[in-house]
Amino acid sequence: MKKILLVCNAGMSTSMLVLKMEKAAQDKGIEMEVKALPVTDAEKELNDWDVIMLGPQVRHMEKRLRELTSTPIEVINMRDYGMMNGEKVLDAALKILG
């Protein structure tokens, strides 16, 4: 099972994206865990995930988070985030995972 962590400021809007990503994964028959956390909480468990996706509003934290973990980190496309396009965000995470 693949594990994807979404990181944002407060975890509110990203929680909606989690639901859409879970549905997209289910539709594709992919077993995975997706969770959203605010950046302050995420720092404590960066190494527990297969890929970390940053909300556009916290992209400025990318360098700092990369210093804290070897887990792959990607900033979510602003359009996909704004449209809450769970399928495209899932596809971006899967591409990183290979």
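Residues numbered from 1 in each chain as written. Predicted model: local features only at pLDDT ≥ 70, side-chain atom pairs only at ≥ 80, totals over all residues. Heavy atoms only, no water.

Looking at an unreviewed UniProt entry, one finds the chain named PTS sugar transporter subunit IIB, with Catenibacterium mitsuokai as its source organism.

Caption draft 1: How the structure looks around the nonpolar core. Ranked by size, the top nonpolar core spans 19 residues in total, and within it Ile4, Leu6, Leu17, Met21 and Met53 carry the most contacts. Elements with a minimum of two residues in this core: strand 1 (2–8), helix 1 (12–28), strand 2 (32–38), strand 3 (51–54) and helix 5 (86–97). Counting residues per element, this core draws most heavily on helix 1, which supplies 5 residues. Look past the residues within four positions of Leu17 in its chain and what remains in contact with it is Leu6, Ile76, Tyr81, Met84, Asn85, Gly86 and Val89. Counting 13 residues, the second-largest nonpolar core is a separate cluster that includes Leu37, Val39, Ala42 and Trp49. (Core = buried A, V, L, I, M, F, W, Y, C linked by side-chain atoms within 4.5 Å. Buried < 20%, exposed > 50% of the residue type's maximum accessible area, 1.4 Å probe, protein only. Helix = DSSP H or I, 4+ residues; strand = E, 2+ residues; numbered from the N terminus. Contact = heavy atoms within 4.5 Å.)

Caption draft 2: View of helix 5. In this model, helix 5 (12 residues) spans 16 Å end to end at C-alpha, consistent with the 16 Å of a helix rising 1.5 Å per residue. Looking at helix 5, one finds that the buried residues are Gly86, Val89, Leu90 and Ala93. Looking straight down helix 5, one finds that the buried residues subtend no more than 100° of arc, so they occupy a single side. On the buried face of helix 5, the contacting elements are strand 1, helix 1, strand 2, strand 3 and helix 4 (78–82). Gly98 sits one or two residues past helix 5 and shows a positive phi near 80°. (Expected span 1.5 Å × (residues − 1). Arc of directions from axis to C-beta.)

Caption draft 3: View of the confidence of the model for the chain. Considering every residue of the chain, the mean pLDDT works out to 95; 99% of them sit at 70 or more. Within the chain, strand 3 carries the highest mean pLDDT (98), whereas helix 2 (residues 39–42) carries the lowest (92). (pLDDT = per-residue confidence, 0-100.)

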